[in-house]
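Here is how the chains run, residue by residue.
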Amino acid sequence: MPYNEVIEEKIERIIGRWKNIEKKKMFGGICYLINGNIGFGIYQDYLIVKTGMDVADKKLKEKNVKRFDVT
């Protein structure tokens, strides 16, 4: 399944003026690298966001949030 291009368009509008962003195809979707490091991306219909463990622990308790796993 290809990644959701509607999400991609929304991201592009938000980050249009950001510096040091590189868009790269990864995991069958798109990842956005910030200074060479993955910051966020799209996989199928999911927005993927890399966070620290403290934020992840809080967010994973929310209804529509889950750990990213392509297996």
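(A) Main features of the packing of aromatic side chains. Summed over the entire model, instances satisfying the criterion amount to 4 aromatic pairs. Between Phe27 and Phe68, the ring centres sit 5.7 Å apart and the planes meet at 75 degrees, which makes this aromatic pair edge-to-face. In this pair, Phe27 is assigned in the loop between strand E1 (21–26) and strand E2 (29–34) and Phe68 in the segment after helix H2 (53–59), connecting sequence segments 41 residues apart. For Phe27, a relative accessible area of 44% translates into the label partly exposed. Judged by its relative accessible area of 37%, Phe68 is partly exposed. Summarising the aromatic geometry, the rings of Tyr32 and Phe40 are spaced 5.0 Å apart at their centres and angled 20 degrees between planes, so their arrangement reads as stacked. Tyr32 gets classed as buried once you look at its relative accessible area, which sits at 0%. Its relative accessible area of 13% is what places Phe40 among the buried residues. Aromatic ring contacts, followed pair by pair, group Trp18, Tyr32 and Phe40 into a single cluster.

(B) Looking closely at the environment of Leu33. Checked against the element boundaries, Leu33 lands in strand E2. Between the alpha carbons of Leu33 and Lys23 there is a distance of 6.3 Å; along the sequence they are 10 residues apart.

Cut-off values and rules
- Residues numbered from 1 in each chain as written.
- Predicted model: local features only at pLDDT ≥ 70, side-chain atom pairs only at ≥ 80, totals over all residues.
- Heavy atoms only, no water.
- Phe/Tyr/Trp six-rings, centres within 6.5 Å; stacked < 30°, edge-to-face > 60°.
- Helix = DSSP H or I, 4+ residues; strand = E, 2+ residues; numbered from the N terminus.
- Buried < 20%, exposed > 50% of the residue type's maximum accessible area, 1.4 Å probe, protein only.

Nothing here speaks to function; it is geometry throughout.
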